[in-house]
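A closer look at the structure
Listed below, chain by chain, are the residues.
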Protein chains: 8
Amino acid sequence: MKKPLVSVVMGSDSDLSQMKHCAEMLEYFGIPFEITFTSAHRTPEKAASYAKNLSKRGIQIVIAGAGGAAHLAGVIASLTVLPVIGVPMKTKSLSGVDSLYSIVQMPKGIPVATVTIGEAGAANAAILAAEILGLKNINIKKKLMLYKKKLTNGVSRKALKLKKVGYKHYQV
Amino acid sequence: MKKPLVSVVMGSDSDLSQMKHCAEMLEYFGIPFEITFTSAHRTPEKAASYAKNLSKRGIQIVIAGAGGAAHLAGVIASLTVLPVIGVPMKTKSLSGVDSLYSIVQMPKGIPVATVTIGEAGAANAAILAAEILGLKNINIKKKLMLYKKKLTNGVSRKALKLKKVGYKHYQV
Amino acid sequence: MKKPLVSVVMGSDSDLSQMKHCAEMLEYFGIPFEITFTSAHRTPEKAASYAKNLSKRGIQIVIAGAGGAAHLAGVIASLTVLPVIGVPMKTKSLSGVDSLYSIVQMPKGIPVATVTIGEAGAANAAILAAEILGLKNINIKKKLMLYKKKLTNGVSRKALKLKKVGYKHYQV
Amino acid sequence: MKKPLVSVVMGSDSDLSQMKHCAEMLEYFGIPFEITFTSAHRTPEKAASYAKNLSKRGIQIVIAGAGGAAHLAGVIASLTVLPVIGVPMKTKSLSGVDSLYSIVQMPKGIPVATVTIGEAGAANAAILAAEILGLKNINIKKKLMLYKKKLTNGVSRKALKLKKVGYKHYQV
Amino acid sequence: MKKPLVSVVMGSDSDLSQMKHCAEMLEYFGIPFEITFTSAHRTPEKAASYAKNLSKRGIQIVIAGAGGAAHLAGVIASLTVLPVIGVPMKTKSLSGVDSLYSIVQMPKGIPVATVTIGEAGAANAAILAAEILGLKNINIKKKLMLYKKKLTNGVSRKALKLKKVGYKHYQV
Amino acid sequence: MKKPLVSVVMGSDSDLSQMKHCAEMLEYFGIPFEITFTSAHRTPEKAASYAKNLSKRGIQIVIAGAGGAAHLAGVIASLTVLPVIGVPMKTKSLSGVDSLYSIVQMPKGIPVATVTIGEAGAANAAILAAEILGLKNINIKKKLMLYKKKLTNGVSRKALKLKKVGYKHYQV
Amino acid sequence: MKKPLVSVVMGSDSDLSQMKHCAEMLEYFGIPFEITFTSAHRTPEKAASYAKNLSKRGIQIVIAGAGGAAHLAGVIASLTVLPVIGVPMKTKSLSGVDSLYSIVQMPKGIPVATVTIGEAGAANAAILAAEILGLKNINIKKKLMLYKKKLTNGVSRKALKLKKVGYKHYQV
Amino acid sequence: MKKPLVSVVMGSDSDLSQMKHCAEMLEYFGIPFEITFTSAHRTPEKAASYAKNLSKRGIQIVIAGAGGAAHLAGVIASLTVLPVIGVPMKTKSLSGVDSLYSIVQMPKGIPVATVTIGEAGAANAAILAAEILGLKNINIKKKLMLYKKKLTNGVSRKALKLKKVGYKHYQV
């Protein structure tokens, strides 16, 4: 198994049902990754030492999913100069607006690259990581171009089906 | 000078114009305190060692003011079992809703005692600290009771003035 | 049975499914408490006399859960110098944003220590109470440190499990 | 001077610049009123005895203006069966959304008749009071009909002016 | 059957499941009322003639429930000098915030007495109507005082039950 | 089959359950239309050439449904001088507020005619298209007037039924 | 002077500073228009008769600007089958979110074509009207195409200037 | 002058006062960049060809600032596999919440790396770009580490100053 280039981390195992879409997408692009739980609030010291050692271990990009007062991405970003991607988890009471504001509104100096709330964001974090790695890895870049083409073809194929069966009989 | 019981901390000196209302109120109650800058994002390690040493140094309560993706209170709370009071700073783009959600929506296990957004909250954090310290310090408790009476009298005095001069001539 | 140190109060029995997480957490820390219903709007006089007698009865901390135009915590805070912790209930139409604003945005002079919306907040209110009581009770403080360790270990254990079974087979 | 039928009350003299629009409108309708400060949080007992004595003193309607965690209208409503009109004050950090939610989202059983945020709401509270009093006082009802006509005529007169001078030269 | 004093109106029969709580509460207070559908948008002329004839027909108070861009209460208020109570319906996409803003934010001159979003607001509209009618009808006023007492007793009875069975066995 | 006058387009087949209400309403008015999928993000070039060719193909009005960061309507509007109607899709995390802001807040110069969030908006987009086409097609205009009458009659018929069966037995 | 094709209407002369951008843009496109004040709330009957006579008078499109509980566009739309464009005015307390929700969230059956909040929306309403009129008036359509080109050229010219002077010396 | 690695683009010259903080920060890190105006709505074809040629011209990262219905970042992201960073501009009516939702809520497949609203976000976009480029350029990585140290030292120096002069005399 290859050395991981991306580290996927989340605060709680209740985030896994959303964050698994990130892991699946990384696999799709053939990007070696590690996936673990670490919490800015429940394992602060482990989170800190984890963040400080990322670079040494050859990790290139961190993807952090957290919900509510979602500090994980910011805490990691404060301790590394690697790009950190934050995924705001959909939450029960505020639907993820709390997660979004807690992740995106970082102060000047410590950016977090924030993506869509929830599952779609988890997948998009992986694609964003692929875009970054694709800057120096032509294989990943090619896969991204193929993925884009696949997206395009998917819409076209569905459009054809819609034309054929009509909107009343179209099955999603 | 007495050993500080309360530590007032904020992420940036741009927060001081709001947080000074906290310091003034602590002085009003005669509570010895320290006040400093430490940032969850710009000085993460200092913030962590600061949080871990609070208890040893005899600090009883932490008051943390931060704005935007406001992680300071939560980061400190993760590293101490002292009560942590969070003050959401009023911000330029989102008026402090971002700060509020980032501070109050902590996950189960790591509470932050959140108060009003902005100046009023900074003062209230100090009063809340006085209420906590007042549980074992009868002098502070008495001062709190006097302060409440002063608030009551202030409203009554203003009501009398309003009655006397009428609403058209009342000067705030 | 020991004399209660904490009073848990809520406006309606429809809040109990959320507030029971507070009671359970207080039991976990071995903190004697009382739990009752009293409403700022439906039993205003009882709420007032309740608030005024808290201190005499030896109560140290009040935890008040309310939803919507949630006035209970503020009303109690206006009549006592004990620390008052407010828990914003998740609500049907506005998901608890109404409760949150009604509890946290107290005017200068009368703080309410506000925690997370809903169940997590109910539990956090109890932990915050433990942190306050832990300032003078070394047993509670020790339990808090153990609880933090338990949280940390819980995340680590789950991280190990994730490593072992992989994200595809992990069962929450 | 006539016995007041309406009581206008607000939590703080900082609310007066908004609430004076209420007093002016009551004067316009010739409705005798009293105006005072009383605070749900700073003068809770005075607010309670005030609320309980309203009916005895011949007051028919209460208009309560408050901001932030605005409990005044709800606290009064809990202690009287008179109609209570709540005016949400415009606030510094949340622009009055906090006041609005704290006033309007009352639980089943204790209504508050909530009006527009800010100055316009203060004036509307007075008009709503006039509408209620107009149910048994034909003079007030006639004044209301004249006021409506005046509003209508005002718009028509402005429309004529706009037609005459054109939108480029119209001065508000 | 008595001549109706209150008119309950709503824009659509999909509002009836919420607005029936208004009708039930009016019945509880023995207030004769009529209930009908009329829409500011689908039956504008009927709504207008309805609004203009309310006073002649002896109606004293209008209660209007509407959702989304909820114009019904405002449209009626523009054509009568009777007090108009607006009930913001809970909606599918925006949960009733749209209804609330559309009803409460009326311009200076044309107030709508706005109550809680949804079912609770429907019931509260009826109680507010009772409070207004109670100003000249001592029977309704007495019923309101009994209702308040019933609310108080209800909470007390539940508090006793909670004390007896404990929070773990309490059944709502 | 007639040449389409209206083009109904949406970003994804997951939007079809909402957008079909648009197609049904266009059929109701007898307006020939085409319906297809094209995505501002997944098929950008197809979307662009589609937008640029609309006018040539005789299309008069575009109806675009999209959700989240909903760029489809704006992208089409940037490439045509035909009127573009945008339908904000209801979304999972933010309920369609994200879609609404992304569609309605267009910069000066490039309008999008935005309608209600979700199903109701999809139907309304079709009616708005009918209103526009009705400016030169008297048949469509007549159908609109009949449709309005039908709406009016529908409410009146329901009001009669409510009167007859009473609110307790009314079945929606 | 030509017979007006577009009617620009607003609820209050305080809206004129925003709505004049609509008038200016209509002049730019050479579209004859009338502009007036009429209020859904202060002149409801005039607004209704105005709405009902629009079609007879040869008006093709209505542009209605209103703020707060902004019912004007909806009220007009309920009484005409002409396309109605709604412009949400920026407001003091809620910045126009109240206006936006009150205008855009119309029920199924009565659409309002909603544009951007404030000045930009006022201008966009005029452009949207031009797009609709352009469907049968080739001159207006050509002007729209020129306007689009002008927008494009404006950006290109500014981009050239930026390239020449550099971002540090660029004057807006 | 070196070939640009980063392309900074914004929709309008009114965005430059916020986006210049991005340019300054890129200069600080010695990263060659180009800066230009291109609009998703006013120059859609130029924006598209610009996006499609980025990779060929050796650009590695795009930073796009836009406000309101902010489609620029998404439109570029749809046409390139380079990482796209979106900066939500602070806006007049909705303070940038509209920009934020329009940029961050991208559908699955087309990520945009979103940063803080306004000036701070513009600077953070540049730092994020530096973090990405630092993955293969050790000089940039070192500069990032120095920058972080400078941030840390800045806070420490201010903390010392605060300690020395006291909070009452501290000048920001």
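Source: prediction; values computed, not measured.

Thoughts on the overall build of chain A
Of regular secondary structure, chain A possesses six helices and five strands. Each helix and strand of chain A, ordered N terminal to C terminal, gives the series β-α-β-α-β-α-β-α-β-α-α. Of all 172 residues assigned to chain A, the portion counted as buried reaches 70%. Of the contacts formed within chain A by residues at least 6 apart in sequence, a portion of 66% connects residues at least 24 apart. With an accessible surface of roughly 6,000 Å², chain A has 56% of that area assigned to carbon and sulfur atoms.

Section: the interface of chain C and chain D
The interface is formed by 25 residues belonging to chain C together with 25 residues belonging to chain D. A combined buried area of about 2,000 Å² lies between chain C and chain D, and 64% of that area is made up of carbon and sulfur atoms. On the chain C side of the contact with chain D, C:H41, C:Y101 and C:Q105 bury the most area, a combined 28% of that side's loss. The tally of links between chain C and chain D comes to two salt bridges. D:E45 is the salt-bridge partner of C:K52, the closest N and O atoms lying 2.5 Å from each other. For the pair chain C and chain D, the interface holds eleven residue pairs in polar contact (both at pLDDT 80 or more). When residues of the side of chain C that touches chain D are traced back to their parent elements, those giving at least two are helix 2 (44-53), helix 3 (72-77) and helix 4 (97-104) of chain C. It is helix 4 of chain C that provides the largest number of residues to the side of chain C that touches chain D, a total of four residues. A per-class count over the side of chain C that touches chain D returns twelve nonpolar, eight polar and five charged.

Notes on the relation of the copies chain C and chain D
The transform that puts chain C on chain D rotates by 180° and translates by 0.0 Å along the axis, for an RMSD of 0.0 Å. This pairing of chains is accounted for by a two-fold axis. Taking C-alpha positions as the reference, the residue of chain C nearest the rotation axis is C:S102, at 2.4 Å. By residue overlap, the copies meet face to face through one surface: 100% of the interface positions of chain C are interface positions in chain D.

Examining the interface of chain B and chain C
Counting residues at the interface gives 44 residues for chain B, matched by 44 residues for chain C. Together chain B and chain C conceal approximately 3,600 Å² of surface at their shared face, both sides included; 64% is due to carbon and sulfur atoms. If you sort the residues of chain B by the area they bury against chain C, B:V81, B:P111 and B:L135 come out on top, with a joint share of 19%. Our enumeration of links across chain B and chain C arrives at zero salt bridges. Viewed at the interface, chain C and chain B are joined by 22 residue pairs in polar contact (both at pLDDT 80 or more). Among the elements of the structure, helix 4 (97-104), strand 5 (113-114), helix 5 (119-133) and helix 6 (138-165) of chain B are those that each provide at least two residues to the side of chain B that touches chain C. Looking at the side of chain B that touches chain C, the element that brings in the most residues is helix 5 of chain B, giving seven residues. Partitioning the side of chain B that touches chain C into residue classes produces 30 nonpolar, nine polar and five charged.

Digging into the nonpolar core
Of all hydrophobic cores here, the largest spans 528 residues; its most connected members are A:I63, C:I63, E:I63, G:I63 and H:I63. Non-local contacts of G:I63, meaning those with residues more than four positions away in its chain, are made with G:V6, G:S7, G:V8, G:V9, G:M19, G:C22, G:L26, G:I85, G:V87, G:A125, G:A126 and G:A129. Counting residues in hydrophobic clusters, the runner-up holds 48 residues, among them A:L100, B:V97, B:I117 and D:V97.

Quick word on the environment of F:Q60
Position of F:Q60 relative to the elements: it lies in the loop between helix 2 (44-53) and strand 3 (61-66). Classification of F:Q60 by relative accessible area gives buried; the value is 15%. Along the backbone, F:Q60 and F:V112 are 52 residues apart, and their C-alpha atoms lie at a distance of 15 Å. In this structure, F:Q60 is in contact with F:L5, F:L82, F:P83, F:L133, F:K136 and G:L135, ignoring residues within four places of it in sequence. A polar atom in the side chain of F:Q60 sits 2.8 Å from the side chain of F:K136.

Calculation notes
- Here the residue numbers are simple positions, counted from 1 along each chain's written sequence.
- Written order determines the labels here, with chains lettered from A and ligands numbered from 1.
- Local features in a predicted model are, by the rule used here, given only for residues with pLDDT of at least 70; side-chain atom pairs are given and counted only at 80 or more, and totals for whole chains, interfaces and linings are based on all residues.
- The basis for every side-chain value is the complete set of non-hydrogen atoms in the structure, without hydrogens or water.
- Helix and strand assignments follow DSSP, with helices taken as H or I runs no shorter than four residues and strands as E runs no shorter than two, numbered in order from the N terminus.
- The buried label applies to any residue whose accessible area, calculated with a 1.4 Å probe on protein chains only, is under 20% of its type's maximum; exposed applies above 50%, and partly exposed to all values in between.
- Contacts are assigned to residue pairs that have any heavy atoms within 4.5 Å of one another.
- Surface accessibility in these figures is a Shrake-Rupley result with a 1.4 Å probe; residues are shielded only by whichever protein chains are displayed.
- The term buried area refers to how much accessible surface (probe radius 1.4 Å) is lost by two components on association, counted for both of them together.
- The rule for a salt bridge is simple: a side-chain nitrogen of Lys or Arg has to be within 4 Å of a carboxyl oxygen of Asp or Glu.
- Side-chain atoms alone can form a polar contact between residues adjacent in sequence; in general such a contact is a pair of N or O atoms within 3.5 Å, and within protein one must be able to donate a hydrogen while the other accepts it.
- Under the scheme applied here, ten amino acids are nonpolar (Ala, Val, Leu, Ile, Met, Phe, Trp, Tyr, Cys and Pro), four are charged (Asp, Glu, Lys and Arg), and all others, including Gly, are polar.
- Superposition of the copies used a least-squares fit over C-alpha atoms from residues whose pLDDT is at least 70 in both.
- Joining through side-chain atoms within 4.5 Å is the link that ties buried Ala, Val, Leu, Ile, Met, Phe, Trp, Tyr and Cys residues into a set, and such a set is a nonpolar core.

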